[in-house]
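Inside the fold
So the chains spell out like this:
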Amino acid sequence: AASRSAAPSTAAQFEARLPLSVRACRSLLRCEERELHFSNCVLGAASHKDFTVRNGSEAPLSFRLVPLLRAGRAISLAFTNLDSGAPLRAGGVEEISGFSHARLRAHLTPHAEGEHRAELLLTNEGDADSSVRLRLACRASSQPLHAKLHAPPSLDLGDCYAAVPRRARLTLRNISDEALYV
């Protein structure tokens, strides 16, 4: 049997340096609201407030809603994704594609009278520096507070034409002791 001898490899080795440009893209969490006010809540009845979480980057955003400060058993909180209608799990991760947004609804149900506060942290899973604190404030009573507004019985804008704006002044006057949000 003839033996084959392997010829040693004489491949040349060389080193090259090439300029490399890398762009790291991080997701950027934004929330326009910093505080949600639930005024004039009735015990046991759910109140709702909508807010929007935005992704200010082309990279997908993964975020969590983390409760930081709760009012004990005085209030119940739940959240819903308005776009899909799906409830959000506490501490669950939600996704938003690049340069997009998610419309969320906060459901608050008070179980005790008085003023209550809660705080949430919207955490960006990809970048902890772009997290946002969202405060919730609630004023609950056993009876609904009725708004006492004084306004004219009608508002006459006269003749209106398409693409021609018309203005009129409407004056609302609060005749109660409570602050009203209009």
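Here, residues in each chain are numbered from 1, in the same order as that chain's written sequence. For a predicted model such as this one, the threshold for reporting local features is a pLDDT of at least 70, and the threshold for listing and counting side-chain atom pairs is 80 or more; totals across whole chains, interfaces and linings nevertheless cover every residue. Hydrogens and water molecules were not included; the side-chain quantities draw on all heavy atoms of the structure.

A word on the pattern of salt bridges. The term salt bridge refers to a side-chain nitrogen of Lys or Arg lying within 4 Å of a carboxyl oxygen of Asp or Glu. Tallied over the entire structure, the rule returns 10 salt bridges. One salt bridge in this structure joins Asp50 and Arg105, with 2.6 Å as the shortest N-O distance. Within this pair, whereas Asp50 is found in strand β3 (residues 47–55), its partner Arg105 is found in strand β7 (residues 101–110), the two being separated by 55 residues in sequence. Helix numbering and strand numbering both begin at the N terminus, where a helix is a DSSP run of H or I of at least 4 residues and a strand a DSSP run of E of at least 2.

Time to look at the pairing of β3. One face of the sheet, then the other: side chains in a regular strand alternate in exactly this way. For two strands to pair, DSSP has to find at least two bridges joining them. Pairing geometry for strand β1 (residues 29–31) and β3, over three bridges, is antiparallel. Within the sheet, the bridge partner assigned to Arg30 lies in β3 and is Arg54. For β3 and β7, the ladder comprises eight bridges, and the chain directions are antiparallel. Bridged to Lys49 within β7 is Ala106.

Read from one edge of the open sheet, four strands run β1-β3-β7-β5, paired in antiparallel fashion. Each of the sheet's edge strands pairs with one partner strand only, and the pair in question is β1 and β5 (75–81). Pairs of neighbouring strands in the sheet enclose a mean axial angle of 30°, with direction left out of account. Relative to β7, β5 runs antiparallel, the two being bridged by seven bridges. Each axis is a line fitted through C-alpha atoms, and for a helix only the stretch in contact is used; angles between axes span 0 to 180 degrees, taken between their N-to-C directions.

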